[in-house]
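# Summary of the model geometry
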Amino acid sequence: MEENKVIKSIIGDDIEITGDVKCSSQLQFDGKLDGNLVCTGSAVIGKTAVVNGNITVESVTINGTVQGNITAKDRIEMKSTARVHGDIKAKRLSVEDGVTFIGRSEVNPSGVATDAPAPAPEVKK
Amino acid sequence: MAKRTVVVIDSFSQVQAYKRARERDAAVATAKVKPASATNTDDNSSKLRTAVPGAATGVQSRVATSSLRSMPASITAPKPREVTPLNPIGVTVVPKKRTITCYSCGYSFPATGKLHVPYCPKCKLLLCTDDIVIDGEQSSNVQTIGDVVIKSTAKLVDGITINGRSVTIGGDVSHCATVFASEQIVLETGAVFSPTVLEQTNVIIPAGAEIKVSSTLKCKRLTVMGKIEGAISVAECLEIKAGGNVVGDVSAPSLVMELGAGLTGSCKIIK
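Residues numbered from 1 in each chain as written. Chains lettered and ligands numbered in written order. Predicted model: local features only at pLDDT ≥ 70, side-chain atom pairs only at ≥ 80, totals over all residues.

## Notes on the overall build of chain B
The following threshold applies: The helix and strand labels rest on DSSP assignments: H or I over at least four residues marks a helix, E over at least two residues marks a strand, and numbering proceeds from the N terminus. Here the contact rule is simple: place C-beta atoms from the backbone, and any two residues whose C-beta atoms are within 7 Å are in contact.
A tally of regular secondary structure across chain B gives three helices and 18 strands. The contacts in chain B between residues at least 6 apart in sequence include a share of 10% that link residues at least 24 apart.

This is the structure in structure tokens:
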């Protein structure tokens, strides 16, 4: 699981950043950002976080507020406290009950289940 | 063969006496044989045959030898049969509780287990409990508290009412006056319906089903495991399971989506 990976960078809830943020490893963002966030690893947007800008990541877990488009190569997870105003594009998306989301979604348009369990191996008699 | 002794009996008392004597002799013979059967070796059998008193008489010797021959080589107690209980011991199985809605007056009442007398407690109507499958032409109203399945070959006359607990739609119901399900409506591939009839019900699109709607599909709760194309407006909760796919504009107060599900279109998820 990606949540178990060591988070190298933590931006606390009392930090406000104006400008773009680039990160190549795991990032936890709890502060306020007026600008884009680009992360080649996975990112966690905390409950107290407010992001006014676009987010481009490998995979992201959103607990806070995002005003902007989110593009993830792998997956986007929206937790129950998430508020997203913007378009999202990802390979996989999971949404919990209680999320506020206004925007356009483009997720798995082929409709093929990517998390389908592997078929059980046949037992030779 | 041992020589048989001939006994002449000419009265009833003699018959009784002879029987008693035979029973006594047989009991003595078996009592002598029983301890030997515990050791049960073939070598002992010849010794035993000679050890039995009165072995010279034909009856006794036959009893002794035949009982020895039938003795098995080793006697083992049969294993007790293992009985596995159907339900775990100490667990009381409680029948499932369900809510029944009267199709006449709309009154809902709870029921547990088998419904012996299917009367509506409010309007005293004897309710139909059958599961109905509509496969051909249907000209009368369908009202039941069981399940209703409408096959693709069904031909429904205009203006009829379909009312059931769970209604599976696989055919054309666009000319029906009302399609109401107290629990859920299941939409199969090939379902043709006017989207407004589903407003008050929970709708399920099972895995493998593909549904296309021309106008906005309105319902109470929608669970998608198959594929649906078209605009959706849900009053309570839209749930998209893994493998499910929604293509179209979505409006709902609550959205639950699993990893592996698809959603393409404009979304308005706000309470």
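## Remarks on the interface of chain A and chain B
The condition is simple: Amino acids outside the nonpolar list (Ala, Val, Leu, Ile, Met, Phe, Trp, Tyr, Cys, Pro) and the charged list (Asp, Glu, Lys, Arg) are all regarded as polar, and Gly is one of them. Each pair of strands is called paired provided DSSP finds at least two bridges between the two strands.
Taken together, the contacts link 24 residues of chain A with 21 residues of chain B. Of all the secondary-structure elements, those providing two or more residues to the side of chain A that touches chain B are strand 13 (92–95) and strand 14 (100–107) of chain A. No other element matches strand 14 of chain A, which puts eight residues into the side of chain A that touches chain B. Here the side of chain A that touches chain B is built from residues that sort into nine nonpolar, eight polar and seven charged. Taken together, the seven bridges between strand 14 of chain A and strand 18 (residues 262–269) of chain B define a ladder with antiparallel strand orientation. Following the sheet pairing, A:Glu106 is matched in strand 18 of chain B by B:Thr264.

## Remarks on the pairing of strand 14 of chain A
Residue and element names in this part refer to chain A. Across three bridges, strand 11 (residues 83–85) lies against strand 14 in parallel orientation. Bridging from a neighbouring strand, Val84 pairs with Phe101 of strand 14. The pairing of strand 12 (residues 88–90) with strand 14 spans three bridges and is classified as parallel. Bridge assignment links Ile88 to a residue of strand 14, and that residue is Ser105.

## Section: the environment of A:His85
With respect to the element layout, A:His85 can be found in strand 11. With residues near it in sequence (within four places) discarded, A:His85 still touches A:Gln67, A:Ile102 and A:Gly103.

## Concerning the nonpolar core
Heads up, the condition is: In this usage, the nonpolar core is the set of buried Ala, Val, Leu, Ile, Met, Phe, Trp, Tyr and Cys residues whose C-beta atoms join them within 7 Å. Note on burial: count the other C-beta atoms lying within 10 Å of the residue's C-beta; 20 or more is buried, 12 or fewer is exposed, in between is partly exposed, and C-beta positions come from the backbone.
Core analysis: the biggest nonpolar cluster contains 73 residues, and A:Ala43, A:Ile45, A:Val60, A:Ile76, B:Ile169, B:Ile185 and B:Leu187 have the highest contact counts within it. B:Ile100, B:Cys102, B:Cys120 and B:Ile145 belong to the second-largest nonpolar core, a separate cluster that totals five residues.

## Comments concerning unusual backbone geometry
The residue B:Lys124 is not glycine, and still its phi comes out positive at about 60 degrees. By the C-beta count within 10 Å, which is 10 here, B:Lys124 ends up exposed.

## Overview of the pairing of strand 6 (residues 37–45) of chain A
Residue and element names in this part refer to chain A. Where strand 3 (residues 21–23) and strand 6 come together, three bridges link them in parallel fashion. The residue of strand 6 that forms the bridge with Lys22 is Val38. The pairing of strand 4 (residues 27–29) with strand 6 spans three bridges and is classified as parallel. Each bridged residue has a counterpart across the sheet, and for Phe29 the counterpart in strand 6 is Ile45. Relative to strand 8 (residues 55–62), strand 6 runs parallel, the two sharing seven bridges. Within the sheet, the bridge partner assigned to Ile45 lies in strand 8 and is Ile62.

## Points about the environment of B:Val246
All names here are of chain B. Within the secondary structure, Val246 sits in strand 15 (residues 245–247). Since 28 C-beta atoms lie within 10 Å of it, Val246 is described here as buried. Put simply, Val246 and Ile211 are 35 residues apart on the chain and 9.9 Å apart in space, counted from C-alpha to C-alpha. Every residue in contact with Val246, bar those within four places of it in the chain, is listed here: Val224, Ile228, Ile232, Ile240, Gly262, Leu263 and Gly265.

## Details of the confidence of the model for chain A
It should be kept in mind that the predicted coordinates are not to be read in detail where pLDDT is low. To keep things clear, this is the line we draw: Each residue carries a pLDDT value, the predictor's own confidence for that position, ranging from 0 to 100.
Confidence in the prediction of chain A, expressed as mean pLDDT, is 86, and 84% of residues score 70 or more. A low-confidence stretch, residues 116–120 of chain A (pLDDT under 50), is modelled with three contacts involving residues beyond four sequence positions or located in other chains.

## Notes on the environment of B:Gly159
You can see B:Gly159 is positioned in the loop between strand 7 (155–156) and strand 8 (161–169). Spatially, the C-alpha atoms of B:Gly159 and B:Cys176 are 4.8 Å apart, while their sequence positions differ by 17 residues.

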